[in-house]
Amino acid sequence: MTSTPTETTATASDGHRWTLLAHEPVRPRARLLWLPALGVAARHYLPLAQALATHGVATHLHEWRGNGSSTLRPSRTQDWGYRELLALDLPASIAALGGDEVPLLLGGHSLGGQLACCFAGQNPDAVSGLWLVASGTPYWRTFPAPRGWLLPLVYRFLPWLARQQGTLPGRTLGFGGTEARGLIADWARVGLSNRYRAAGFDADLEADMARVRAPACGVVLASDWLAPSTSMEALLAKLPHAPARVVQLDSVALQAPADHFGWMKQPATVAATLATTGLPNEPANKR
């Protein structure tokens, strides 16, 4: 395993560039492209990548447009949404990984897990497995009351604020980073309708997720109110032909807070769970 992360430059067809960070074992069993949560830079997942590499999984950390090493920042004149992330950026990261013979896994945290499912639906033959951590559809009806009842207000207010400001001031709000208004609009639309769509993108993201047949492994954190188990199950229900396993971890198992972000600093248990239950050569049970 590399003691320090390797760096590879990826370039999208519109000229956007970013750095892929990776930890790789000498003889990987699989290769994982990991997609961060909303507003989280790729470097924050380096402990996860290092932990997964000890289990034989070469882990490459994608950088979302507008974060970390990305050459773009959202503004009134720079905007994007799911279309750019799915059709421009993710193909470029996958191309930068190279073409060895080991299985390619796609995984992610929160929004990253959602977009991993969407991308797999568009490219079902390219992905050998899905790994989802603290993820799930944001659809308001999948959240327990009374919190779920408040979410439609959030899903209307945040896109309005982003339009007024030119970007969403997520750091000020305590939700994400400075986010492109188109991205927030696409996300909020799912939260209201439970249907994945991308503005300006002809593909039917919702319907195409049914084409996924690669096994999925989900990890739910017991105290995670941002991605409860009902939200994860609702996301996996959009993959009706994908064998799936879901594991719930509490703070005792994690030796860390079992919330949306606490696991990131001590990811050993999450990494072991994914590597033990989520590799595609190990059969998964249908739901």
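Residues numbered from 1 in each chain as written. Predicted model: local features only at pLDDT ≥ 70, side-chain atom pairs only at ≥ 80, totals over all residues. Heavy atoms only, no water.

Side note on empty space enclosed by the protein
Point 1. Summed over the entire model, instances satisfying the criterion amount to 2 cavities of 30 Å³ or more.
Point 2. Its volume calculated, the largest cavity comes out at about 50 Å³.
Point 3. Forming the boundary of the largest cavity are Leu 38, Gly 39, Trp 64, Arg 65, Asn 67, Leu 85, Leu 111, Glu 179 and Leu 183.
Point 4. A breakdown of the residues in the lining of the largest cavity according to their chemical character gives 5 nonpolar, 2 polar and 2 charged. (1 Å grid on protein atoms, 1.4 Å probe; cavity = no way out; pocket = protein on both sides within 12 Å on 5 of 7 lines; lining within 4 Å. Points joined across faces, edges and corners; volume = space filled by probe spheres on them. Nonpolar A, V, L, I, M, F, W, Y, C, P; charged D, E, K, R; others polar.)

Examining helix 6 (residues 181–193)
Point 1. Here helix 6 contains 13 residues, and its C-alpha end-to-end distance of 18 Å stays within 8% of the 18 Å for a straight helix at 1.5 Å per residue.
Point 2. For helix 6, the full list of buried residues reads Gly 182, Leu 183, Ile 184, Asp 186, Trp 187, Ala 188, Val 190 and Gly 191.
Point 3. Looking at the residues trailing helix 6, positive phi occurs at Asn 194, about 65 degrees. (Helix = DSSP H or I, 4+ residues; strand = E, 2+ residues; numbered from the N terminus. Expected span 1.5 Å × (residues − 1). Buried < 20%, exposed > 50% of the residue type's maximum accessible area, 1.4 Å probe, protein only.)

Some thoughts on the packing of aromatic side chains
Given two aromatic rings, their pairing is described by the distance between the two centres and the angle made by the two planes.
Point 1. Using the criterion set out here, one finds 6 aromatic pairs in the structure.
Point 2. With 5.1 Å between their ring centres and 85 degrees between their planes, Tyr 155 and Trp 187 make a pair best called edge-to-face. Remark: Trp 187 occurs in helix 6 and Tyr 155 occurs in helix 4 (residues 147–165); sequence separation between them is 32 residues.
Point 3. The exposure class assigned to Trp 187 is buried, which follows from its relative accessible area of 11%.
Point 4. Three or more aromatic residues link up through ring pairs in this structure, and these residues are Trp 34, Tyr 45 and Trp 263. (Phe/Tyr/Trp six-rings, centres within 6.5 Å; stacked < 30°, edge-to-face > 60°.)

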